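A look at the structure
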Amino acid sequence: MQDHAQAAVIDHGTSTPVISAKSLDLTFQTNDGPVHALSGIDLDIGKGEFVSFIGPSGCGKTTFLRCVAALETPTGGSLTVNGMSPDESRKARAYGYVFQAAGLYPWRTIEKNIALPLEIMGYSKAEQAERIVRVLDLVELSNFGKKYPWQLSGGMQQRASIARALAFDADILLMDEPFGALDEIVRDHLNEQLLALWARTDKTIGFVTHSIPEAVYLSTKIVVMSPRPGRITDIIDSPLPKERPLDIRDTPEFLAVAHRVREGLRAGHAYDD
Ligand SMILES: Nc1ncnc2c1ncn2[C@@H]1O[C@H](COP(=O)(O)OP(=O)(O)OP(=O)(O)O)[C@@H](O)[C@H]1O
């Protein structure tokens, strides 16, 4: 873990960005007129960074992740993922995507849920089995592969959906409010596990949240956004160390970052007045 931490610090900001947005715009045309979901987004995300997107409802957090995943098409500016267009990256299986709801099929066991996208992609049975064992281990669900989703707690189901997203071994993990529906204790535990997983795998993570403590606890970089038009109001490179016990949240350094995030959110709201 320590080696990873040092490597990530050295890499930080110096490597070619994994995700790079320049003057990115996306305007939806609706019956009520244009909706400026993203406006002038400039953002570089380096390899191995953990980047949180925080801001009020409608500021474009999900839309940005969806653009990265080639699920939306920007109307202006440029966006590259691993140096390619988002569509090329999607075809190269550059990322896994975790949604707010775990979205597991109730009639399939956890193993079979993880296997489904691998089956569709034509992986052999042996390759599927090997990957399932590996990703269940990563999310600490090794003994639960034969269970059905309803036999697992909400937190465990969300870990299973993370395992499914990891099964392709993509370098990028896009997570859209994965823990938003869980209670605080479970969420704390999952936050710790996610940090440990990130340290073990060196993934680049884009993470949407509404929670200031969650964003500060998890991230190397926090992107603060505001709505109408959806834009970035602050980008904070976290000064916190990579090793983060939960009680780091009581330290002055943590509280200072949280304060800056809150100020950024407040500035965004003032714009609407
Ligand atoms: N397909 C669509 N068609 C029209 N408008 C859309 C579409 N998708 C998103 N929007 C609008 O774009 C804006 C940004 O939406 P987005 O879902 O990205 O916000 P968000 O920050 O993720 O919000 P939340 O925190 O509620 O999930 C909103 O005003 C939303 O209504």
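Throughout this description, residue numbers start from 1 for each chain and increase along the sequence as written. Totals for whole chains, interfaces and linings use every residue, but because this is a predicted model, local features are given only for residues with pLDDT of at least 70 and side-chain atom pairs only at 80 or more, for both listing and counting.

Looking at an unreviewed UniProt entry, the chain carries the name NitT/TauT family transport system ATP-binding protein, with the source organism given as Marivita hallyeonensis.

**Overview of the overall build of the chain**
Along the chain, the regular secondary structure elements total nine helices and nine strands. Here the globule rule reads 2.2 Å times residues to the power 0.38, and the radius of gyration is calculated from C-alpha atoms. Expected size for 273 residues packed as a compact globule is a radius of gyration near 19 Å; at 19 Å, the chain falls within 12% of this value. Along the first, second and third principal axes, the C-alpha atoms of the chain reach 55 × 45 × 35 Å. Counting other C-beta atoms within 10 Å of its own, a residue is labelled buried from 20 upward, exposed at 12 or fewer, and partly exposed in the gap between, with every C-beta atom placed from the backbone. Burial status across the chain gives 41% buried among its 273 residues. Two residues qualify as a contact pair if the distance between their C-beta atoms, derived from the backbone, is within 7 Å. Residue pairs in contact within the chain that sit at least 24 positions apart in sequence constitute 71% of those at least 6 positions apart. Here a helix means four or more residues in a row that DSSP labels H or I, a strand means two or more in a row labelled E, and each is numbered from the N terminus.

**Looking at the site of the ligand**
Contact assignment follows one rule, namely that a residue is near a molecule or strand if its backbone-placed C-beta atom lies within 6 Å of it. Taken together, 13 residues form the shell around the ligand, and within it F28, A37, S57, T62 and T63 come nearest. Looking at the shell around the ligand, the elements with two or more residues in it are strand 1 (19-30), strand 2 (33-45) and helix 2 (61-68). Here the term charged refers only to Asp, Glu, Lys and Arg, the term nonpolar to Ala, Val, Leu, Ile, Met, Phe, Trp, Tyr, Cys and Pro, and the term polar to all other amino acids, Gly among them. Taken together, the residues that form the shell around the ligand break down as four nonpolar, eight polar and one charged.

**Some words on the sheet that holds strand 7 (residues 204-209)**
A pair of strands is labelled paired if DSSP reports no fewer than 2 bridges between them. Strand order in this open sheet of six strands is 5-6-7-3-8-9, and the pairing throughout is mixed. Across the chains shown, the open sheet's two edge strands, defined by having one partner strand only, are strand 5 (95-98) and strand 9 (231-237). On average, each strand axis in the sheet is tilted by 15 degrees relative to the strand beside it, whichever way the strands run. In the packing of helix 2 onto the sheet, the strands contacted are strand 3 (50-54), strand 6 (172-176), strand 7 and strand 8 (221-226), and the crossing angle to strand 7 comes to about 150 degrees. In this analysis, axes come from line fits to C-alpha atoms, helices being fitted only over the stretch in contact, and the angle between any two N-to-C directions falls in the range 0 to 180 degrees.

**Focus on helix 2**
Here helix 2 lies mainly inside the structure; seven of its eight residues are buried. Every buried residue of helix 2 is listed here: K61, T62, T63, F64, L65, C67 and V68. A70 lies just past helix 2 and shows a positive phi near 65 degrees.

**Section: the pairing of strand 9**
Summarising the sheet, strand 8 and strand 9 pair through six bridges and their orientation is antiparallel. Residue I222 lies in a different strand from strand 9, and its bridge partner there is I236. Here strand 8 folds back onto strand 9 in antiparallel fashion, the turn holding four residues, of which R228 has a positive phi close to 50 degrees.

**Considering the nonpolar core**
Buried Ala, Val, Leu, Ile, Met, Phe, Trp, Tyr and Cys residues whose C-beta atoms connect them within 7 Å together make up a nonpolar core. Residues A163, L174 and V261 are the most contacted members of the largest nonpolar core, which totals 69 residues. Domain borders in the structure are assigned automatically or taken from a domain database. A domain-level breakdown of this core finds at least three residues from each of domain 1 (2-94 + 172-272) and domain 2 (102-169). Residues within four places of L174 in sequence aside, it is in contact with L65, V68, A69, Y95, Y97 and G206.

**Remarks on the sheet that holds strand 4 (residues 76-81)**
One open sheet accounts for three strands, arranged 2-1-4; its pairing is antiparallel. Of all the strands in the sheet, just strand 2 and strand 4 have a single pairing partner and so form its edges. Shown here is a sheet whose adjacent strand axes are inclined to one another by a mean of 30 degrees, direction ignored. For strand 1 and strand 2, the ladder comprises nine bridges, and the chain directions are antiparallel.

**Quick look at the domain arrangement of the chain**
Along its sequence, the chain is organised into domain 1 (2-94 + 172-272) and domain 2 (102-169). Distance from the C-alpha centre of domain 1 to the C-alpha centre of domain 2: 25 Å. Facing the 11 residues of domain 1 at the interface are nine residues of domain 2. Of the residues that constitute the side of domain 1 that touches domain 2, the class distribution is eight nonpolar, two polar and one charged.

**Examining the packing of helix 4 (residues 110-120) against helix 5 (residues 125-138)**
Following both chains from N to C, one finds helix 4 and helix 5 inclined at 130 degrees, their axes separated by 10 Å at the closest point. With respect to helix 5, the axis of helix 4 lies oblique. Seen from above, helix 4 lies across helix 5 with right-handed handedness. Between helix 4 and helix 5, the residues in contact are E111, I114, A115, L118 and E119 and Q128, R131, I132 and V135, respectively. Within the contact of helix 4 with helix 5, the residues separate by chemical class into five nonpolar, one polar and three charged. Each angle gets one of four labels, with under 35 degrees taken as roughly parallel, over 145 as roughly antiparallel, 65 to 115 as roughly perpendicular, and the rest as oblique. In this scheme the crossing of two helices becomes right-handed for a clockwise turn of the near helix relative to the far one and left-handed for an anticlockwise turn of less than a right angle.

**Considering the environment of N191**
Tracing the backbone through its elements, the reader meets N191 in helix 7 (residues 184-201). Between the C-alpha atoms of N191 and I248, which are 57 residues apart in sequence, the distance is 13 Å. Beyond its immediate stretch of four places on either side in the chain, N191 contacts E214, Y217 and L218.

**Considerations on the environment of G77**
The residue G77 is located in strand 4 in this model. Residue G77 is classed as partly exposed on the basis of its C-beta count, with 17 C-beta atoms lying within 10 Å. Counting along the chain gives 49 residues from G77 to A126, while the straight-line C-alpha distance between them is 43 Å. Among residues more than four places away in sequence, those in contact with G77 are A21, K22, S23, L24 and D25.

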